[in-house]
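Take a look at the letters that make up each chain.
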Amino acid sequence: MAPSRSSRNSLQSVDLRALDYLASPSANLLCPICHSPLITPVQTRCLHTFCSACISLSLERSLTCPVDRKDLSHDDVTPAPIMIANLVNDLVVLCPNREKGCEASCARWLVESHVREDCGYAMVKCAKEGCDGMVARKDVDEDCVHEAVECEFCEFAVRKLDLESHLRECPKLSSECPHCAEPFLNPELSIHIADCPAEIIDCPASHFGCPYTCPRSEVDNHTGSCHFIALTPILQLHTERITTLELENKTIRQKLELLIPPRPLPTPSSSSSNPQDSSTNTGSSSTTRDMTSEMQDYTYHLYSEYEQLRSDVERLNAQIRELDVKQDMARINEGLRYNDEMTGMRAAINGLRMQLHWLVASRRDAPTPNSGGAGGAANRVGAGSSTNDGRRMSDSARQIVKL
Amino acid sequence: MFAQKRLQKELHNIHNYLPPGIGIASASDLSIWKMDIQVLDTNPLYADQIYRLQFKFSQSYPIEAPEVTFVKEDGIEIPMHPHIYSNGVICLDLLGKNWSPVQNVESVCMSIQSMLTSNTKNERPPGDDNFVRSGYRSPRNINFVYDDDTV
């Protein structure tokens, strides 16, 4: 028996991290990342121990040790001492097929071979020639459950494996209605349940607050006297009005939020929507939403235009101010230049007046030969002026000034 | 699978023991947990208040950090702290670039508990209004600048 079993290996793989341990393992053997007992333990340069898979994942996100945040690279991770690996591999685990009924437990390093070769609840290939189905190892010597058998009630071909679930919904079998306990054929049951007279239902006006419940067959008696049902048309109207008002309130709030806080300007192209489109109001909420979004666009557009104009005005103001300053400077400069020129002219005029004065004085004194060099020079000038033209006279006059 | 197995183990440990001031509010599935934390000393900002943290785990947990935010529920507010936005988003390097897979739900709760304990400023982070209005709910999309090491 044993050899025939081990020849059929289970393909089921074992997730070591999902295993349950017989005794809760020491906290020292847990990986700080996955909080499970270490699987393929590795050690970092800073001497912390992790599962090999966990630290690789962590290093992909951040190149630091998760425990002490020291810099760490993939090369700084080496296998942990064999002793640690042995300690975690020797921990006793429960078989992963425990929920199916296997009560085996073994050391963790043996669990894979247990599932592969021994566990009666691991799924293996069906023993029947040509059958591709899977079956629990303990049932492998039984008849193949993948063969089709005929349902004894509806004469339908069903796999043996599915027979149990088929019997629950076989169309020729009947089940009890959960409300009235009457038996019904399976296909008709769901139709019956939808309007079973014995089902306890809420008053039709329960959403307006009527707490009354009764079997469906008696609900007509209640509706005649129920105050809530009498008020239903009014309540309905109010509900509709509240919905409309809420929607309107929302729209207004959105508009208000758009107007009050300063918001970044949208690009002008995004505001090309036409507000007139929104006037085709069909009353449905989707149209209202369209309208608000178009309203938003339109407001954005106005807002951006306003901002543009404001910045234009500011720019122009600045330009005008600049020009003013320039003109002032030019005027002041010009004034200074004129002042300088004027001073120069005044000096020149003064000089000329002095010369004239002197000339007049010297001519008046010319007939009386008076004293020294100055008198001699004056004589010469006097002679020149009498004999030569005006130009020569002015030349000699300049000479005298130089003297 | 990896994430679920590890979370099952953490849940088992949490049910056995939790440090004082930390409690489990709900952990019905293995993708969203809610934890209650309380500041134990007499810090007037947080005295007698219980705050609720929400942990959102991805399939890559614990390699990837969980998304941890404070949540507002009936009678439970978002604590005042210069690193906690009023929509509950927490600016904490441990939950971002400095996450390490060695951390777990318990250690994150304790970090946040001590972050509250040592705080004395009754204020929100700068730019809270804009941040909340911008509507970021998922801390993963935010590049926080961890500029303040004092808290």
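Residues numbered from 1 in each chain as written. Chains lettered and ligands numbered in written order. Predicted model: local features only at pLDDT ≥ 70, side-chain atom pairs only at ≥ 80, totals over all residues. Heavy atoms only, no water.

> I keep staring at the overall build of chain B and nothing clicks. Help me out?
When its secondary structure is counted, chain B shows 3 helices and 4 strands. Put simply, chain B has 151 residues, and 48% of those count as buried. Contacts spanning at least 24 positions in sequence make up 60% of the contacts within chain B whose residues lie at least 6 apart. (Helix = DSSP H or I, 4+ residues; strand = E, 2+ residues; numbered from the N terminus. Buried < 20%, exposed > 50% of the residue type's maximum accessible area, 1.4 Å probe, protein only. Contact = heavy atoms within 4.5 Å.)

> Would you mind going over the pairing of strand 4 (residues 67-71) of chain B with me for this structure?
Look at any regular strand and the pattern is simple: side chains alternate between the two faces of the sheet. Residue and element names in this part refer to chain B. With 5 of 5 residues buried, strand 4 lies mostly within the body of the structure. Residues E67, T69 and V71 line one face of strand 4 and the alternating positions V68 and F70 line the opposite face, and both faces are buried. Bridge count for strand 3 (residues 50-56) against strand 4 is 5 bridges, and the pairing is antiparallel. In the strand pairing of strand 4, K56 is matched with E67. (Pairing = 2+ DSSP bridges.)

> How should I be thinking about the packing of aromatic side chains in this particular structure?
The geometry of an aromatic ring pair is captured by the separation of the ring centres together with the interplanar angle, meaning the angle of the planes. Taken as a whole and judged by the stated rule, the model has 8 aromatic pairs over all chains. When the ring of Y51(B) is compared with that of F70(B), the centres are 6.3 Å apart and the planes differ by 80°; the resulting orientation is edge-to-face. Here F70(B) lies in strand 4 and Y51(B) lies in strand 3, a separation of 19 residues in the sequence. Clustering of aromatic rings is evident, with ring pairs tying together W33(B), F55(B), F57(B), Y61(B) and W99(B). A cation over an aromatic ring shows up here: R337(A) above the ring of Y338(A), its NZ or CZ 5.6 Å from the ring centre. (Phe/Tyr/Trp six-rings, centres within 6.5 Å; stacked < 30°, edge-to-face > 60°. Lys NZ or Arg CZ within 6 Å of the ring centre and 35° of its normal.)

> I'm lost on the interface of chain A and chain B in this one. Help?
Interfaces are frequently sized by the accessible area removed from exposure as the parts join. Counting residues at the interface gives 19 residues for chain A, matched by 19 residues for chain B. Counting the surface lost from both chain A and chain B, the interface buries some 1600 Å², and carbon and sulfur atoms represent 59% of this. Inspection of the chain A/chain B interface yields 0 salt bridges. Taken together, the links from chain A to chain B amount to 6 residue pairs in polar contact (both at pLDDT 80 or more). (Buried area = accessible area lost by both parts, 1.4 Å probe. Salt bridge = Lys/Arg side-chain N within 4 Å of Asp/Glu carboxyl O. Polar contact = N/O pair within 3.5 Å; in protein donor to acceptor, adjacent residues only side chain to side chain.)

> Would you explain the sheet that holds strand 2 (residues 32-38) of chain B in this entry?
Strand pairing in a sheet is mediated by backbone hydrogen bonds. Such pairs are either parallel or antiparallel. Residue and element names in this part refer to chain B. With antiparallel pairing, the 4 strands of this open sheet are ordered in space as 1-2-3-4. Lying at the two open borders of the sheet, with one neighbouring strand each, are strand 1 (22-26) and strand 4. Between one strand axis and the next, the sheet turns through 30° on average, direction left out of account. Taken together, the 4 bridges between strand 1 and strand 2 define a ladder with antiparallel strand orientation. Bridge pairing links S26 to K34 in strand 2. The strands that helix 2 (residues 105-117) touches are strand 1, strand 2, strand 3 and strand 4; relative to strand 2, the one it contacts most, it runs at about 35°. (Axes fitted to C-alpha atoms, helices over the stretch in contact; angles between N-to-C directions.)

> For this particular structure, what's the right way to read a nonpolar patch on the surface?
All names here are of chain A. Together, L256, L259 and I260 make up an exposed nonpolar region whose accessible area comes to about 320 Å². Following the sequence through the fold, L259 ends up in helix 8 (residues 227-259). Overall, L259 belongs to the exposed group, its relative accessible area being 52%. (Patch = residues over 30% accessible without salt bridge, like charges linked within 9 Å, V, L, I, M, F, W, Y side chains within 5 Å. Areas by Shrake-Rupley, 256 points an atom, 1.4 Å probe, with all protein chains shown as cover.)

> Help me understand the environment of I39(A) in this model?
Residue and element names in this part refer to chain A. Tracing the sequence through the fold places I39 in the loop between helix 1 (2-7) and strand 1 (41-43). Judged by its relative accessible area of 12%, I39 falls in the buried class. Along the backbone, I39 and S52 are 13 residues apart, and their C-alpha atoms lie at a distance of 7.0 Å. Ignoring anything within four residues of it in the chain, the contact list for I39 reads L16, R17, C51, S52 and R108.

> How should I be thinking about the confidence of the model for chain A in this particular structure?
A low pLDDT score tells you not to read the predicted coordinates there in detail. All names here are of chain A. Per-residue confidence for chain A gives a mean pLDDT of 79; residues scoring 70 or more make up 80%. The least confident element of chain A is helix 1, whose mean pLDDT is 43; the most confident is strand 1, at 94. Residue range residues 1-7 is modelled with pLDDT below 50. Its contacts to residues more than four positions away, or to other chains, number 6 contacts. Between residues 267-283, whose pLDDT stays under 50, and residues either more than four places distant or in other chains, the model counts 13 contacts. (pLDDT = per-residue confidence, 0-100.)

> Sorry if this is basic, but what is going on with the environment of C214(A) here?
All names here are of chain A. With respect to the helices, strands and loops of the structure, C214 is situated in strand 13 (residues 213-215). Sequence separation of C214 and D202 is 12 residues, and the distance between their C-alpha atoms is 6.7 Å. Beyond its immediate stretch of four places on either side in the chain, C214 contacts E199, I200, I201 and V219.

> In this structure, what is going on with the UniProt feature "coiled-coil region" (unreviewed entry) in chain A? I would like to understand it.
Under the UniProt annotation, "coiled-coil region" (unreviewed entry) lies at residues 306-333 of chain A. Helix and strand shares over residues 306-333 of chain A are 100% and 0% respectively, and the end C-alpha atoms of the span are 41 Å apart. (UniProt positions renumbered as here; feature names shortened; annotations may be inferred.)

> What is the right way to look at the UniProt feature "domain: RING-type" (unreviewed entry) in chain A in this model?
The feature "domain: RING-type" (unreviewed entry), as annotated in UniProt, sits at residues 31-69 of chain A in this numbering. The straight-line gap between the two end C-alpha atoms of residues 31-69 of chain A is 16 Å; of that span, 26% is helix and 15% is strand.

> Explain the pattern of salt bridges here, please?
Any two side chains of opposite charge can pair, on the condition that their charged atoms come close. All told, the structure shown has 15 salt bridges over all chains when counted by the stated rule. With a shortest N-O distance of 3.9 Å, E117(A) and R116(A) are connected by a salt bridge. Here E307(A) ties to R310(A) by a salt bridge, and the two come within 3.6 Å at their closest N and O atoms. One end of the pair, E307(A), and the other, R310(A), are both in helix 9 (residues 285-365), 3 residues apart, so they sit about a helical turn from each other. Three or more residues are tied together by salt bridges with common partners; here these are K34(B), D36(B), R52(B) and E73(B).

> What should I look at first to understand helix 4 (residues 108-118) of chain A in this one?
An α-helical turn contains 3.6 residues, so a residue and the one three or four places further along point in the same direction. All names here are of chain A. Among all positions of helix 4, only R108, V111, H114 and V115 are buried. Along the axis of helix 4, the buried positions cluster into a sector of 90°, meaning they face one direction only. Buried residues belonging to helix 4 abut helix 3 (82-89), strand 4 (92-94) and strand 5 (105-107). (Arc of directions from axis to C-beta.)

> Sorry if this is basic, but what is going on with the sheet that holds strand 2 (residues 49-51) of chain A here?
All names here are of chain A. Ordered in space as 2-1-3, the 3 strands form an open sheet in which the pairing is antiparallel. The open sheet has two edge strands, strand 2 and strand 3 (78-79), and neither has a second partner. With 3 bridges joining them, strand 1 and strand 2 adopt antiparallel strand pairing. Of the residues in strand 2, the one forming a bridge with P41 is C51. Sitting on the sheet, helix 2 (residues 52-61) touches strand 1 and strand 2, and the angle it makes with strand 2 is about 95°.

> Any chance you could explain the confidence of the model for chain B here in plain terms?
Model confidence for chain B is summarised by a mean pLDDT of 84, while 88% of its residues fall at 70 or above. Here the predicted complex carries an ipTM of 0.79, next to a pTM of 0.51.

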